[in-house]
Amino acid sequence: MNNLQLKNVSKHYRSKLALDNISCEFSVGIWGFLGPNGAGKSTLMNIIAGILKPDGESVVLYNETPVPQLGRSYRSVIGYMPQQQNVFRDFTGAQFLSYMAALKGIGSKAARVQISELLQRLELTDIAHRRISGYSGGMKQRILLAQALLGAPEILILDEPTAGVDPKQRVIIKNLIKEISEDKIILLSTHIVSDIEKLADRIVFLKDGRIVQQGAADELLAGTELESLYMRYFGDE
Amino acid sequence: MMKLFFYEIRKLFKGKAPLIFLLVILSAALFFDLRQEWDRYYPYEAYAKLCNDVLSLPEEERENYLKENADKYNAFYSFELGMISSDDEKNAQYILQYENGAETIYTDSFFTEYSLFSDTYEQNTDTCHYSQHISDILAQAEKMSELSVFGGKNSFEQKNISDTAAAYKVLNGLTPRFADTAGLNFLLSFSADKLLILTAAVFGAFVMVMDERRTGSLRIENATKNGRTFLALSKTGAVFVWCAANSILLLAVKLIITAARYDISAIFLPIQSLSGFINCPYALSTAEYIVIASALGCIAAFVCAMLFAFVFTLKKYIIGGAAGVIFTVLQFAAYERLDGLSSLGVFKYFNISAALHFSETGMTFTTVNLFQEPVDTFTVSVTFLLIFALLFCAAFVFSFAGSYMDFQGISLNIRSSRIPSANLFYREVYRVFITKGGLAVLILLLCVTVYDVVNDDVHYEAVDGYYELYLNDIEQMTLSETADFIKEEEKHFSDLQNKMSELNESYQNGKITSGSYVTAATIIQSELAKRPALRLLSEQYRYISEEEPSANFVYYKKIDKYMNFDNSKDDIKSSLYTQLALVLVICTLFSGFSVEERRLISCTADGKGKLLIIRTYICILSAAAIFLCTALPEMVVLLSHNRSSDLSAALQSLTYFRGLNANISIGFYFVLMYLLRLASALFTALLIAFIGITVKEQKTVIVLCSVIILLPTASALLFGPEAFPLIYELERNALLRRFLI
């Protein structure tokens with residue numbers, strides 16, 4: 001069973017503390033991250049994705065093995081969807097996905113099959129051969145999600161996956177995430193509270209680089225709405 | 001309104017694309033300016049020294065000195081070629097001087113010396129006798145006006161004559177002076193700037209209208225209170241500022257390059273002081289003339305920009321754009337092809353091209369026939385500019401203010417609908433060479449190199465030609481036969497020399513007339529002209545027979561060129577092209593990614609180790625491809641211009657390598673030379689890769705590469721060994737020569 005552990009993870013940006021001694025264990029399922037701007041959500045996601053190096057004492061373990069020791073094999077189980085959409089504007093959607101498939105070390109034949117399937121699932125087939133610079137915000141969001149899903153990663157890190165997407169596409173994306181979550185650790189960060197409410201199995205509240213509350217969604221939301229819970233923790237922000 | 005105007009200017013000058021474009025324009029201007037060679041037979045240094053030497057002389061003495069030397073060296077050059085010259089007393093004296101060992105003063109051959117004195121004499125005469133020249137024009141005009149063949153008093157011809165006279169009459173009293181004006185001629189002679197300024201103008205219009213229309217920004221702007229007419233006027237103003245800034249930039253680059261290469265201290269003298277500008281009808285200093293030429297160029301570019309700005313507002317902008325391009329090309333064709341005196345003559349000057357070519361059209365007073373009225377070309381050009389500037393500005397403002405510019409993206413559906421291959425090597429190559437334009441850089445580099453190689457002439461002296469003829473004579477001979485041939489030729493020359501001495505004696509004793517003397521002496525000289533070539537052949541024979549049997553008789557002239565023993569600096573230019581292409585291609589391979597792109601890549605399985613290895617392979621292959629683009633055309637010409645026997649001959653066959661102890665052929669030396677160049681290209685590519693990996697930010701990488709790599713080479717090209725001695729030596733393959741000898 002896949003298992004991701006953070007032990008005493010801290011991160012300083014010069015003198016500013018972005019993450020303060022976070023310890024947490026992620027198992028298969030959808031993990032929703034909530035918190036105001038600057039709470040440390042993106043920093044945490046980037047550390048898990050291996051993009052940022054945590055401070056000295058921090059430990060990140062995947063299936064009981066420290067991530068730095070795993071190196072390439074850890075990166076081959078990661079799917080990362082960034083928040084910003086400024087990526088490879090000169091490529092067409094299909095070229096971008098092929099490039100990412102190549103970077104993920106997926107064989108050409110398998111890549112073609114996966115790309116066609118993802119383009120179809122995310123309703124991108126018609127615009128696959130247009131340059132990304134001409135895409136709308138929602139299209140860019142979907143192509144970024146498609147690249148994250150390439151190679152069937154075991155850990156999926158999604159930063160604002162439904163931002164700027166129309167209602168119909170949001171439903172498609174949410175269904176897709178739900179569908180693939182059976183055997184994956186999905187870390188979902190979003191400001192859209194209803195998405196977390198509908199998708200997340202467990203919810204993590206982050207504030208000033210610390211986890212202020214975490215637990216199963218059913219337990220946390222018993223008799224209350226997520227929005228009220230959010231206001232309880234972050235209403236004074 | 002002013003605020004809007006300043007915001008529009010800010011858009012143009014602070015945007016990433018315009019800044020990159022400015023950099024490209026600057027690089028292109030630098031490239032073309034550096035590429036432009038001094039177009040005379042003699043080096044600029046010789047001209048500058050002669051000007052310096054004769055400037056202190058009184059006018060009359062200067063004129064006599066220049067005339068005397070021009071005649072003398074013309075005669076020497078004729079004797080050298082064995083051509084018959086006029087049989088007067090003076091020529092006889094020159095033959096005597098030539099016989100007693102004539103030498104050049106400023107250059108290394110009689111022909112270049114003659115060209116130098118002749119050109120300088122002409123320039124001096126033009127400036128010293130300027131008032132006489134004006135009087136002659138006026139007198140000629142008066143004479144012509146009296147001739148009935150030029151029609152009645154109100155005919156176009158008569159009016160034209162009187163207008164011409166009036167234009168030059170005001171120049172009476174103007175005092176052009178003799179000075180070193182080569183730099184100023186260089187400054188006014190170049191034409192690539194015209195294309196660059198037009199490109200910049202169209203780009204400005206594109207950014208201001210088309211780009212905003214494409215991205216949808218115009219929709220937001222159009223929906224505001226001032227987003228129609230006021231915005232259109234602000235955009236018009238901003239485009240003008242953009243054109244002006246580009247004109248100033250191009251002029252500044254040109255001035256800096258010219259000042260670095262030539263003396264431009266005469267810039268405040270009247271324009272008539274420059275060679276070729278004696279008939280210029282304007283009482284202006286050269287500086288004023290240059291400013292007016294640049295200003296007209298700027299306004300012409302603005303007219304072109306507004307034409308395209310208008311086109312970009314149209315619904316069918318592609319058709320409009322094509323029409324705009326045709327209209328512009330037709331104007332250039334009209335300027336180049338139409339005869340100014342024909343019935344369509346007015347269209348030669350009633351266009352953008354004539355305004356851009358003011359430095360040419362202003363060289364003399366010209367009129368066109370406009371309904372039987374002579375109108376000077378300057379007035380025609382300025383009128384065109386004003387009419388069309390107003391017309392296109394109005395068209396743009398009305399069209400911009402009144403239309404709904406919903407962008408309908410039109411793209412040619414030539415892309416494959418297949419999912420591209422997910423091979424990392426292939427995808428990286430595609431990204432760098434197709435998406436980022438690396439292939440265009442390679443094609444451009446190949447075109448420039450082929451153009452350079454095809455247009456690269458070897459300058460031959462008489463001795464080089466005769467030596468080649470001797471090599472043809474001895475081609476099938478053995479060494480001993482060659483020795484006999486040389487002896488025979490030496491004896492022949494010795495006999496001729498004796499005859500010449502006898503002839504000199506007879507002439508000095510008054511036994512023969514100067515006419516007979518010159519005729520006979522010229523015939524003998526035509527034979528004796530081969531003597532220096534025989535000396536070379538004889539010396540080579542001595543070296544082969546006594547010192548180095550493996551050496552051979554080779555035709556050195558073309559080999560010298562490709563071994564960079566001449567003074568052309570072609571090798572440095574070629575290195576600069578290679579380095580520029582390397583910077584452009586390798587930079588995009590290793591840098592220029594946004595933060596998100598870097599993050600996306602770095603969290604993939606092959607985004608670290610494997611990607612770096614693949615990029616390094618591509619970097620090496622790109623360097624090799626770029627090297628081939630510059631070296632291959634050269635190699636083809638090298639092989640086709642040199643005899644295979646010359647290339648297979650021992651390196652010691654060349655004078656420079658006589659001290660060499662190794663057994664290397666000339667061809668092998670070339671192989672070594674090209675291998676060294678390949679190694680240097682690979683090293684440069686890896687250096688750029690290292691900078692790219694370390695710095696990441698593309699603009700910073702380009703700046704660093706320019707300072708570390710391009711600047712020293714450009715300085716070596718511009719200033720010679722003084723700027724960067726080490727780079728200069730390295731570029732000229734001195735390292736290989738030193739290593740071998």
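J.: Can you help me understand the overall build of chain A in this one?
T.: A count of helical and extended segments in chain A gives 10 helices and 10 strands. A total of 237 residues make up chain A; the buried ones form 46% of that total. Long-range pairs, those at least 24 residues apart, make up 69% of the contacts in chain A between residues at least 6 apart in sequence.

J.: What am I meant to see in the nonpolar core here?
T.: Where a protein is soluble and globular, its nonpolar side chains tend to be buried together. With 116 residues, the main nonpolar core has Ala146(A), Ile157(A), Leu187(A), Leu188(A), Leu582(B), Val583(B) and Ile586(B) as its most contacted residues. Looking at this core, the element that brings in the most residues is helix α26 (residues 570-590) of chain B, giving 13 residues. Sequence-distant contacts of Leu582(B), defined by excluding residues within four places in its chain, comprise Ala623(B), Ile626(B), Ala681(B), Thr684(B), Ala685(B) and Ile688(B). Formed by 106 residues, the second largest nonpolar core is a distinct cluster that contains Phe186(B), Ala238(B), Phe358(B) and Ala521(B).

J.: How do you make sense of the interface of chain B and chain A when you look at a structure like this?
T.: When the parts come together, some accessible area is lost, and that loss is often what is quoted as the size of the interface. Contacts between the two partners involve 26 residues from chain B, matched on the other side by 34 residues from chain A. Mapped onto the side of chain B that touches chain A, the elements with two or more residues apiece are α19 (424-435), α27 (595-602) and α28 (609-641) of chain B. Counting residues per element, the side of chain B that touches chain A draws most heavily on α27(B), which supplies six residues. Here the side of chain B that touches chain A is composed, by residue class, of nine nonpolar, 10 polar and seven charged.

J.: Before we go on, may I ask you to explain helix α6 (residues 110-128) of chain B in this structure?
T.: Under the 1.5 Å per step criterion, the end-to-end length of α6(B) is 26 Å for 19 residues, consistent within 8% with the ideal 27 Å. For α6(B), the tally of buried residues reaches 14 of 19 residues, placing the bulk of the element in the interior.

J.: Any chance you could explain unusual backbone geometry here in plain terms?
T.: Glycine aside, residues mostly have negative phi, and peptide bonds are mostly found in the trans state. Residues and elements named next belong to chain A. Not every positive phi belongs to a glycine, and Phe 88 is a case in point at roughly 35°. Following the sequence through the fold, Phe 88 ends up in the loop between β6 (78-81) and α4 (93-103). Overall, the presence of 24 C-beta atoms within 10 Å leaves Phe 88 in the buried class.

J.: Is there a simple way to think about the sheet that holds strand β5 (residues 65-66) of chain A in this case?
T.: Sheet strands pair via backbone hydrogen bonds, and the direction of the pair is either parallel or antiparallel. Residues and elements named next belong to chain A. Taken in spatial order, the four strands make up an open sheet running β2-β1-β4-β5, and their pairing is antiparallel. In this open sheet, the two edge strands, each paired with only one partner strand, are β2 (16-27) and β5. Where strand β1 (residues 3-13) lies against strand β4 (residues 59-62), four bridges are found, and the strand directions are antiparallel. Bridge pairing in β4 links Lys 7 to Val 59. Sheet strands in contact with helix α1 (residues 41-48) are β1, β2 and β4, and its direction is about 60° off that of β2.

J.: Any chance you could explain the confidence of the model for chain B here in plain terms?
T.: Fine structural detail should not be taken from predicted coordinates in areas where pLDDT scores are low. Residues and elements named next belong to chain B. For chain B, the average pLDDT comes to 84, and 91% of its residues sit at 70 or higher. The weakest mean pLDDT in chain B belongs to helix α33 (residues 734-740) at 59; the strongest belongs to helix α13 (residues 286-313) at 92. Here residues 408-414 is modelled with pLDDT under 50, and outside its nearest four sequence neighbours on either side it reaches two contacts, counting other chains as well. Listed scores for the predicted complex are pTM 0.62 and ipTM 0.78.

Conventions used here
Per-chain numbering applies: the sequence of each chain, read as written, is numbered from 1 onward. All chains are assigned letters beginning with A, and all ligands numbers beginning with 1, in the order in which they are written. Local features in this predicted model are restricted to residues whose pLDDT is 70 or higher, and side-chain atom pairs enter the listing and the counts only when it is 80 or higher, whereas totals over whole chains, interfaces and linings include all residues. Only DSSP runs of H or I reaching four residues or more are called helices, and only runs of E reaching two or more are called strands; each is numbered from the N terminus. Whether a residue is buried, exposed or partly exposed is read from the other C-beta atoms within 10 Å of its own C-beta, which are placed from the backbone; 20 or more gives buried, 12 or fewer gives exposed, and intermediate counts give partly exposed. A residue pair is marked as a contact if its C-beta atoms, positioned from the backbone, fall within 7 Å. Residues of type Ala, Val, Leu, Ile, Met, Phe, Trp, Tyr and Cys that are buried and joined through C-beta atoms within 7 Å form what is called a nonpolar core. Three classes are used, and their members are as follows: Ala, Val, Leu, Ile, Met, Phe, Trp, Tyr, Cys and Pro are nonpolar, Asp, Glu, Lys and Arg are charged, and the others, Gly among them, are polar. Expected span, for any helix, means 1.5 Å times one less than how many residues it has. In this scheme, strands are said to pair when DSSP sees at least two bridges between them. Axis definition: a line fitted to C-alpha atoms, limited for helices to the stretch in contact. Angles are taken between N-to-C directions and run from 0 to 180 degrees. Predictor confidence is given residue by residue as pLDDT, running from a minimum of 0 to a maximum of 100.

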